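Descriptive analysis of the structure
Now for the letters of each chain:
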Amino acid sequence: VDCSLYSPGQLNTFFSKKTFVRCVMVSTYTSLVLFFIPWAAMQDSVRGDGKDVADYQSFALSTQTSLMIVVSAQMFLDTFYWTAINQFFLWGSIAAYLAITFTFFSNGLFFVFTSSFPFIGTARNSLKQPNVWLTMFLTCLLCVLPTVAFRFLHINFLEKIRKFTRFQKYKAREEGQPAPAPYRPPPRRVSTRRSSYAFSHSQGYGDLVTSRKFLRLKRRPSLFGRNQSPLVENQPQHYRTITEEAEESQT
Amino acid sequence: MGKTKDKSGPLARRPDNSAFKQQRLPAWSPMLTANTVLPFFYLLAVICMLLGVWLLLLVQSTQEIKLDYTDLGNCNECFDLRRNVSNAVQTCSCRVEFSIDKSLKGDVFFYYGLKNFHQNLRRYMDSRDDGQTLGRIKKLKNPSSYCAPFDKDNDGVPIAPCGAIANSMFNDSFTLNYHLSSSRIVPVPLLRTGLTWYTDKNVKFRNPRADNLTLAEVFEGTRPPLYWQKPVYSLDPHDPNNNGFINEDLIVWMREAAFPNFKKLYGILNRADPIFEKGLPKGNYTIDISYNFPVQHFQGRKGVVLTTLTWFGGQNHFLPIAYLVTSSLILLTAVVLTVAWWKFGKDGKNMKE
């Protein structure tokens, strides 16, 4: 049984403050890289034939295309199963972006809606330049590789790293403590308290039952920790079969 | 005989037994294992380093000479003259000298540069009428309201070309001279066409249809922008392909720069002359400048740049150095990941349990 749908809730992975802060940091870093790398690369630069490449429209197009490529790369990393449909939509997004860009920057639309499409010729002229593509490649690398590295560490080694550090801590603690006291089971108390369920069915005991004297929470050590639930670890639950003859013999 | 499906019965609405509908499509599942990720990182580090080194060598092979002439030498007098707007009608010229130690081999490009001039200001960039510069007669006589207050003058005469961008066109002109010997000074021929993108010159900017009229007659009923000294139809009277809206200096200026410090192409060395066949020889040079553009009002500077180019562009060291830095960062990450894999991977052989 694949219960991976339950683990985000149990581990509080989506809406915690830690996730939010991490998300903000990653977004800030990506935004800064996406703007400042093209900015620095285009300062004072020209085409190979001397003509303009550091104009406003080329700069905007270069930044926009880098953003598209970075977002697509992020989606590629997040897609677990690459069926034909996924391939079609992911590669198709990039193709659609390029098609729309070239359409918006084409002669035809400029002639029809002159003031709305002033970027005419920019795609043809700046996407032909190798230094624009090299800038976009660098931006993409700087944005995507940290995610890949972090995910690689997380997926493959997180459990083992946690076990290792826990083991180290346990070892350090053990070496400094005296020998533990011998274990004695707690004395059994015969319980005369009956459950409030029985009382609640008779008249007159409503106040007693709803007072907080019954069913107080005892701090017993839990059998399964929060991180060790079989659901969390995606392992099948082991069920013990209880036969009916054994139950009857106990009561 | 067509197939008829049995549309009744309890299993009538069962989906087809196709791979698509039964969610059995063949899929590829990428796994971030050590076998794929580590070599990938090392390969990328090598690629980035090679790219960085190659681009650095390319950029180092270009030569660039920059000269800020805002108040250099006797341009200082023109600088003081231009401080006052009422002197705008007076011409002023000055001369700057410089020398080239190593000859500039190959094609040499002459740029004028401005500092602190924000052509990327939003309101400034909107202040143009692309329909008018496309040559539409209706727009010629009736410019768009985006050009205001540079669309009509006080008498209501429309301005062509309208807008703040055209109005602030750079109007200094340069003559480069080479001192061949102590007595002989030779002007350096510069090509003043071929400076613009093909789409700008042939699609975005067109003169209004002339039929049998001269260009001056076509522009009748309009007036040049307030800061211009010549009307648009006499920007280059000798070359009809460079006159009017398709004048290359105008087109180059109208392509707004992205940053406040920019340079725009003014001319390309004409290597037909035997003295300049291989480029610009070393020696002493002077530039005679007709100083018109005032830069005090925005605390700017102006200058000229002479540079050789490669297919990669001019002298911009950022990209090669960034590639080298990135390659070392990727290598560092790869090493860290390898250490992590060595310690914690390999089925935890190195962990004592």
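Bear in mind the structure is a predicted one, so any value in this text is a computation, not a measurement.

Quick look at the overall build of chain A
Each helix and strand counted, chain A has 10 helices and zero strands in total. The order of α-helices and β-strands along chain A, N terminus first, is α-α-α-α-α-α-α-α-α-α. Relative to its 251 residues, chain A shows a buried fraction of 29%. Here the contacts in chain A between residues at least 6 apart in sequence split such that 58% fall between residues at least 24 apart. Accessible area of chain A: about 18600 Å², with a carbon and sulfur share of 62%.

Remarks on the packing of aromatic side chains
Inspection of the entire model under this criterion finds 36 aromatic pairs over all chains. Between the aromatic rings of Phe76(A) and Trp82(A), the centroid separation amounts to 5.3 Å while the plane-to-plane angle is 70 degrees, which identifies the pairing as edge-to-face. Between Tyr69(B) and Tyr291(B) the ring centres are 6.1 Å apart and the planes differ by 85 degrees, which places this aromatic pair in the edge-to-face class. Of this pair, Tyr69(B) sits in the loop between β1 (64-68) and α2 (75-81) while Tyr291(B) is found in the loop between β10 (283-290) and β11 (301-308), placing the two residues 222 residues apart along the sequence. Across the pair, Tyr291(B) and Tyr69(B) agree in class, each one buried.

Notes on helix α10 (residues 318-344) of chain B
With 27 residues, α10(B) extends 38 Å from end C-alpha to end C-alpha; this agrees with the ideal 39 Å at 1.5 Å per step. Buried within α10(B) are the following residues: Leu319(B), Pro320(B), Ala322(B), Tyr323(B), Thr326(B), Ser327(B), Ile330(B), Ala334(B), Leu337(B), Ala340(B) and Phe344(B).

Brief notes about the UniProt feature "transmembrane region" (unreviewed entry) in chain A
The UniProt record annotates "transmembrane region" (unreviewed entry) at residues 20-41, 61-81, 88-113 and 133-153 of chain A. Along residues 88-113 of chain A, the helical share is 88% and the strand share 0%, with 32 Å between the first and last C-alpha atoms.

So, the interface of chain B and chain A
Residue-level contacts link 66 residues of chain B with 60 residues of chain A. For the chain B and chain A pair, buried surface summed over both sides reaches about 5500 Å², with 69% attributable to carbon and sulfur atoms. On the chain B side of the contact with chain A, Leu32(B), Trp197(B) and Phe259(B) bury the most area, a combined 14% of that side's loss. Lys264(B) serves as the salt-bridge partner of Asp52(A), at 4.0 Å between the closest nitrogen and oxygen.

Examining the sheet that holds strand β2 (residues 93-100) of chain B
Strands pair in a sheet through their backbones, by hydrogen bonds, and they do so in one of two ways: parallel or antiparallel. Residues and elements named next belong to chain B. What the four strands build is an open sheet, ordered β2-β10-β5-β6; its pairing is antiparallel. Taken across any chain shown, the strands that pair with only one partner, and hence form the sheet edges, are β2 and β6 (185-187). On average, adjacent strands in this sheet sit at an angle of 30 degrees to one another, irrespective of strand direction. As paired elements, β2 and β10 share eight bridges and run antiparallel to each other. Across the sheet, Val-96 pairs through a bridge with Ile-287, a residue of β10.

Re unusual backbone geometry
The phi angle of most residues is negative, glycine excepted, and most peptide bonds adopt the trans form. Pro149(B) follows Ala148(B) through a cis peptide bond whose omega is 0 degrees. As for its placement among the helices and strands, Pro149(B) is situated in the loop between α5 (137-141) and α6 (164-167). Look at the link from Ala160(B) to Pro161(B): it is a cis peptide, with omega at -10 degrees. Following the sequence through the fold, Pro161(B) ends up in the loop between α5 and α6. Backbone geometry places Asp44(A), a non-glycine residue, at a positive phi of 65 degrees.

Some details on the sheet that holds β1(B)
Residue and element names in this part refer to chain B. Spatial ordering of the open sheet is given by β1-β11-β4-β8-β7, a layout of five strands whose pairing is antiparallel. Two strands bound the open sheet, and with one partner strand each, they are β1 and β7 (190-191). Sheet topology note: the β1/β11 ladder contains five bridges and is antiparallel. If you follow Asp-68 over to β11, its bridge partner there is Gly-303.

Calculation criteria
- Residues numbered from 1 in each chain as written.
- Chains lettered and ligands numbered in written order.
- Predicted model: local features only at pLDDT ≥ 70, side-chain atom pairs only at ≥ 80, totals over all residues.
- Heavy atoms only, no water.
- Helix = DSSP H or I, 4+ residues; strand = E, 2+ residues; numbered from the N terminus.
- Buried < 20%, exposed > 50% of the residue type's maximum accessible area, 1.4 Å probe, protein only.
- Contact = heavy atoms within 4.5 Å.
- Areas by Shrake-Rupley, 256 points an atom, 1.4 Å probe, with all protein chains shown as cover.
- Phe/Tyr/Trp six-rings, centres within 6.5 Å; stacked < 30°, edge-to-face > 60°.
- Expected span 1.5 Å × (residues − 1).
- UniProt positions renumbered as here; feature names shortened; annotations may be inferred.
- Buried area = accessible area lost by both parts, 1.4 Å probe.
- Salt bridge = Lys/Arg side-chain N within 4 Å of Asp/Glu carboxyl O.
- Pairing = 2+ DSSP bridges.
- Axes fitted to C-alpha atoms, helices over the stretch in contact; angles between N-to-C directions.

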